[in-house]
Amino acid sequence: VILLCFRRYLLTALTSCFVWNMFGWSAAMDSKPNILLFLADDLGIGDIGCYGNNTIRTPNIDRLAREGVKLTQHIAAAPLCTPSRAAFLTGRYPVRSGMASSNRYRALQWNAGSGGLPANETTFARLLQQQGYTTGLIGKWHQGVNCESFNDHCHHPLNHGFDYFYGMPFTLLNNCQENKPPELDVALQAKLWLYSQIIALAVLTLTAGKLTGLISIHWKIIACFTLAGGLFFISWYSSYGFVRYWNCILMRNHDVTEQPMRLERTASLMLKEAVSFIKRNRHGPFLLFVSFLHVHTPLFTTAKFLGKSRHGLYGDNVEEMDWMVGKILDSLDKEGLKNHTFTYFASDHGGHLEAQDGSAQLGGWNGIYKGGKGMGGWEGGIRVPGVFRWPGVLPAGTVTDEPTSLMDIYPTVAHLAGGILPQDRVIDGRNLMPLLQGRAQKSEHEFLFHYCGSYLHAVRWHQKDSGAIWKAHYVTPVFHPLGAGACYGKGICPCFGEGVTHHDPPLLFDLSRDPSEAKPLSADTEPLFDTVIRKMGRAIEEHRRTLTPVPEQLSSYNIMWKPWLQPCCGTFPFCWCDKEGDSTQSL
């Protein structure tokens, strides 16, 4: 009897141990984890240490990679902020939600535009909110604010599933910093200035001719000409002349707290808000989306980090962002939440190669990859860092080379929260947990489509049986000057018209052998060329059959500045305030 009892005890103990080893990770996943998402702005994949940079110091982002999973083929759905972030939030290509443009304006231009993420799109914040999560967004939004009035907030974060918002409804611009050259619509502003000067010169000439008797003209005609010229000047200068007041603002929920914002304390405010959100919601579960204003121009960096890096102002700005990541991770540790928090770090797209100030480079480095921000299909504009950490659930120090997308975050966090994906629309993202945990060896993505605005520029085919990653470019931008790696002098590469080249047959690369896209293949050099091109052609046809017409949120009308939609902390047009005062404290 004693022997029988001992055998039963031993069997129970061994079984318990086996169950714990086999299902420990699953048990850890049964409870809803906190979710912390970091998204940098314009950061190149080559700008951080864990992706090969040995001169810019990013110890905190590198620590996430050491303690978790690093993706080497993490792809943005668009090479520009507004459409890329729309895809990130919804798990859908931006062309599906109307957040892809057919004109030259591929991102929202004003807080007072009427375009933005449609109210009928379901963000991951909304899904998690429905699962009992407290949801917060700290930082950049750039998905619109209002539709028909200055306070309808139809595109606002609080209308898209976030319980709390503190940050910038727009994006940083050079215009946000005094004594910086304007960045918003520079070419158009130059033309408007020229036309205004021509009108003013014409008025002066007519007036002088009338006074000297050289020109016979009625004063009423001169007065009408002067009035028309004045109205023309006011019509454009009332928007472009005050960009800092209209676009460079901070909001807490629906209230404007700084107009214009004071950049010297913005980083401290963002950090303070993120740490405070974690502390308030430490009993969870919570979703915190930290959407950095770093490292977009004008690269405003606090004095503590100026001149500290080996890469000038850009490197200083990257190192300040990494420090902020570290402080937020420290707050998780302080609250004892590290092991119960699913953490993610990425960039919205590649570095901005054309961002320069003389010989100084103000944009990021995209490593070995060709191209950068704004270039529809070239790898440098869409391949971004992707790092995940969840101690005890995700294996530490793991590297995954499979194709993944920023759109995958949507179904992944929905799965972790126990949510159900919308069944009435196409979701392009895939749940990454099997791949991140090592339970799956291959990505669920067979094809990824690379858009520039609403124009399809390239397609990627993951041929799983051979391991090849084929990429076909149907359209590429024309670099300026010829032979350069970007569109210098234009600010950003175009998507259509004379600024692009159409390829028939398309340029084909095997990224598994040529990740830099340096040597295009042909039917003479690649036996599978025709087979691959046909396969991709059929995939494009099938993809296009899944698209349905939707209102274009970035149409010329929707991106126009409309004074009646302007967020204002006073009575328009007297919009200036500083409700933050000196509330920031050293962190």
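Residues numbered from 1 in each chain as written. Predicted model: local features only at pLDDT ≥ 70, side-chain atom pairs only at ≥ 80, totals over all residues. Heavy atoms only, no water.

Looking at an unreviewed UniProt entry, one finds the protein named ARSD Arylsulfatase and attributed to Mesembrinibis cayennensis. Here the protein is described in UniProt, under the heading Sequence similarities (unreviewed entry), as follows: "Belongs to the sulfatase family." In its Cofactor (unreviewed entry) section, the UniProt record describing the protein reads: "Ca(2+)". (UniProt positions renumbered as here; feature names shortened; annotations may be inferred.)

Moving on, we get to the sheet that holds strand β17 (residues 500-510). One open sheet holds the 4 strands; their spatial order is β14-β15-β16-β17, and the pairing between them is antiparallel. Bordering the open sheet on either side are β14 (447-452) and β17, each of which pairs with just one other strand. Averaged over neighbouring strand pairs, the angle between their axes works out to 15 degrees when direction is ignored. Taken together, the 6 bridges between strand β15 (residues 455-463) and strand β16 (residues 468-477) define a ladder with antiparallel strand orientation. Among the inter-strand pairings, R460 is bridged to a residue of β16, identified as K471. (Pairing = 2+ DSSP bridges. Helix = DSSP H or I, 4+ residues; strand = E, 2+ residues; numbered from the N terminus. Axes fitted to C-alpha atoms, helices over the stretch in contact; angles between N-to-C directions.)

With 15 residues, helix α9 (residues 266-280) extends 21 Å from end C-alpha to end C-alpha; this agrees with the ideal 21 Å at 1.5 Å per step. Of all the positions in α9, only T266, A267, L269, M270, L271, E273, A274, F277 and I278 are classed as buried. Tucked into the core, α9 has its buried residues touching β3 (134-140), β4 (164-168), β5 (250-252), β6 (255-259), β7 (286-291) and α10 (312-334). (Expected span 1.5 Å × (residues − 1). Buried < 20%, exposed > 50% of the residue type's maximum accessible area, 1.4 Å probe, protein only. Contact = heavy atoms within 4.5 Å.)

This part covers the nonpolar core. Counting 64 residues, the largest nonpolar core has F38, L43, L288 and F345 as the members making the most contacts within it. Contributions of two or more residues to this core are made by β1 (34-40), α2 (59-66), β4, α7 (219-240), α8 (243-246), α9, β7 and α10. A total of 8 residues in this core trace back to one element, the largest contributor, which is α10. Looking at which domains feed residues into this core, each of domain 1 (34-172 + 248-445 + 551-571) and domain 2 (186-241) supplies at least three. The contacts of F345, once residues within four sequence positions are left out, are F38, A40, L43, I48, I61, L64, M321, V325, P385, G386 and V387. (Core = buried A, V, L, I, M, F, W, Y, C linked by side-chain atoms within 4.5 Å. Domains from an automatic or database assignment.)

Turning next to the packing of α2 against α10. Put simply, α2 and α10 touch, their axes get as near as 7 Å, and they point 55 degrees apart. Between α2 and α10, the angle falls in the class oblique. Judged by residue contacts, P59, N60, I61, R63 and L64 of α2 engage M321, D322, W323, V325, G326, L329, D330 and D333 from α10. Here the residues of the contact of α2 with α10 are counted per class, giving 7 nonpolar, 2 polar and 4 charged. (Parallel < 35°, antiparallel > 145°, perpendicular 65-115°, else oblique. Nonpolar A, V, L, I, M, F, W, Y, C, P; charged D, E, K, R; others polar.)

We now examine the packing of aromatic side chains. One pass over the full model with this rule turns up 31 aromatic pairs. Aromatic side chains F233 and Y237 sit 5.0 Å apart centroid to centroid with 15 degrees between the ring planes, which places their arrangement in the stacked category. You can see F233 and its partner Y237 sitting in helix α7, 4 residues apart, about one turn around the helix. Taking relative accessible area as the criterion, Y237 reaches 29% and is therefore assigned partly exposed. Through pairs of rings, three or more aromatic residues link up here, namely W110, W193, F233, W236, Y237, Y240, F242, W246, W561 and F572. The ring of Y164 carries the charged tip of R280 above its face, separated from the ring centre by 5.0 Å. The positively charged end of K562 is found above the aromatic ring belonging to Y557, 4.2 Å away from the centroid. (Phe/Tyr/Trp six-rings, centres within 6.5 Å; stacked < 30°, edge-to-face > 60°. Lys NZ or Arg CZ within 6 Å of the ring centre and 35° of its normal.)

Another aspect to go through is a nonpolar patch on the surface. Residues L194, Y195 and I198 make up a contiguous nonpolar surface patch of about 300 Å² in total accessible area. Residue placement: L194 occurs in helix α6 (residues 186-212). Residue classification places L194 among the partly exposed positions, given a relative accessible area of 45%. (Patch = residues over 30% accessible without salt bridge, like charges linked within 9 Å, V, L, I, M, F, W, Y side chains within 5 Å. Areas by Shrake-Rupley, 256 points an atom, 1.4 Å probe, with all protein chains shown as cover. Salt bridge = Lys/Arg side-chain N within 4 Å of Asp/Glu carboxyl O.)

Along any regular strand the residues' side chains alternate between the sheet's two faces. Counting buried residues along β15, 8 of its 9 residues qualify, which places the element largely inside the surrounding structure. Of the pairings in the sheet, the one linking β14 to β15 comprises 6 bridges and is antiparallel in character. From the neighbouring strand, F447 faces β15, where its bridge partner is W461. Linkage of β14 to β15, two consecutive antiparallel strands, is achieved through a turn of 2 residues, within which G453 is found at a positive phi near 65 degrees. Hairpin connection between β15 and β16: a loop of 4 residues separates the two successive antiparallel strands, and G467 in this loop has a positive phi of roughly 85 degrees.

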